[in-house]
Amino acid sequence: MTQLQTTHPEPAFGDDVVLLTVPADGGYLGVLRTATAGLAARLHFALDEIEDLRIAVDEACAMLLAIATRGAELECRFAVTDDALTVEVTVSTVRGARLPSESSFAWKVLTALTTSASAEATGRHATIRLLTRRTEI
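Below is a short write-up of the structure. (Residues numbered from 1 in each chain as written. Predicted model: local features only at pLDDT ≥ 70, side-chain atom pairs only at ≥ 80, totals over all residues. Heavy atoms only, no water.)

### Description of the overall build of the protein chain
Phase 1 of the analysis: In terms of regular secondary structure, the protein chain is built from three helices and six strands.
Phase 2 of the analysis: Walking the protein chain from its N terminus toward its C terminus, one meets helices and strands in the order β-β-α-α-β-β-α-β-β.
Phase 3 of the analysis: A total of 137 residues make up the protein chain; the buried ones form 39% of that total.
Phase 4 of the analysis: Counting only contacts in the protein chain whose residues sit at least 6 apart along the sequence, the fraction spanning at least 24 positions is 60%. (Helix = DSSP H or I, 4+ residues; strand = E, 2+ residues; numbered from the N terminus. Buried < 20%, exposed > 50% of the residue type's maximum accessible area, 1.4 Å probe, protein only. Contact = heavy atoms within 4.5 Å.)

This is the structure:
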């Protein structure tokens, strides 16, 4: 089941947070790419920045799908600020799963297309965080 939930955290943070959960299946990545593009457009990102972020989210999800447990869900958290979009994707993983090393081609793609990228794998879950700041015009 696909869920879309918008929350408004404490006003002190000033962020909008959108939570989107989809099955960990490549067929649902289009939903995440579309949500990414829509939120980046809301921040007035340039078209090439939006496309770069869509590609980065797709690559991050592909990395996570490779180590996801059967029947898992991708939990995607989008945090929107005045000039940046943070995308955090989490999935439950198979035992002993490892993300590609930071010297891999996949990580080179992520770091080239975003302001910053990071990952963590703890026990049975892995998370990739992407931060993209809008370039000033």
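The rest of the description comes next.
### Quick look at helix α1 (residues 29–42)
Think of an α-helix as turning once every 3.6 residues; residues three or four places apart then point the same way.
Phase 1 of the analysis: The end-to-end C-alpha distance of α1 is 20 Å, a good match for the 20 Å that 14 residues give at a rise of 1.5 Å each.
Phase 2 of the analysis: Inspection of α1 places L29, L32, T36, A37, L39 and A40 among the buried residues, and these make up the whole buried set.
Phase 3 of the analysis: Directly beyond the C-terminal end of α1, a positive phi value near 65° is found at H44. (Expected span 1.5 Å × (residues − 1).)

### Some remarks on the packing of helix α2 (residues 47–65) against helix α3 (residues 105–113)
Phase 1 of the analysis: Closest axis-to-axis distance for the α2/α3 pair is 9 Å, and the angle between their directions is 150°. As summarised for this structure, α2 and α3 are arranged roughly antiparallel, according to the angle between their axes. Classified by chirality, the crossing of α3 by α2 is left-handed. Of the residues in α3, those in contact with D52, I55, A56, E59, A60 and M63 of α2 are A106, W107, V109, L110 and L113.
Phase 2 of the analysis: Of the residues contributing to the contact of α2 with α3, the split by class is nine nonpolar, no polar and two charged. (Axes fitted to C-alpha atoms, helices over the stretch in contact; angles between N-to-C directions. Parallel < 35°, antiparallel > 145°, perpendicular 65-115°, else oblique. Left-handed = near helix turned anticlockwise from the far one by under 90°. Nonpolar A, V, L, I, M, F, W, Y, C, P; charged D, E, K, R; others polar.)

### A word on the side chain of E49
Phase 1 of the analysis: Looking at the secondary structure, you find E49 in helix α2.
Phase 2 of the analysis: No salt bridge forms around the buried E49; measuring N to O, its nearest opposite-charge neighbour R134 is 6.5 Å away.
Phase 3 of the analysis: Leave out the neighbours within four places in its chain, and E49 touches R133, R134 and T135. (Lys, Arg positive; Asp, Glu negative; His and termini not counted. Salt bridge = Lys/Arg side-chain N within 4 Å of Asp/Glu carboxyl O.)

### Describing the nonpolar core
Phase 1 of the analysis: The biggest cluster of nonpolar side chains holds 38 residues, and the ones touching the most others in it are L32, L74, L85 and I128.
Phase 2 of the analysis: Put simply, the parts of the chain that give this core at least two residues each are β2 (16–23), α1, α2, β3 (73–80), β4 (84–92), α3 and β6 (125–133).
Phase 3 of the analysis: The dominant element in this core, judged by the number of residues it contributes, is α2, at eight residues.
Phase 4 of the analysis: If we skip the residues at most four places from it in the chain, L85 touches T36, L39, A40, L43, F45, L53, F78, A79, V80, L130, L131 and T132. (Core = buried A, V, L, I, M, F, W, Y, C linked by side-chain atoms within 4.5 Å.)

### As for the environment of H44
Phase 1 of the analysis: Considering the arrangement of structural elements, one finds H44 in the loop between α1 and α2.
Phase 2 of the analysis: Distance from H44 to T135, taken between C-alpha atoms, is 9.7 Å for residues 91 residues apart in sequence.

### A look at the pairing of β4
Phase 1 of the analysis: Bridging between β3 and β4 involves six bridges; their strand directions are antiparallel. In the sheet register, A79 faces β4, and the bridge partner there is T86. (Pairing = 2+ DSSP bridges.)

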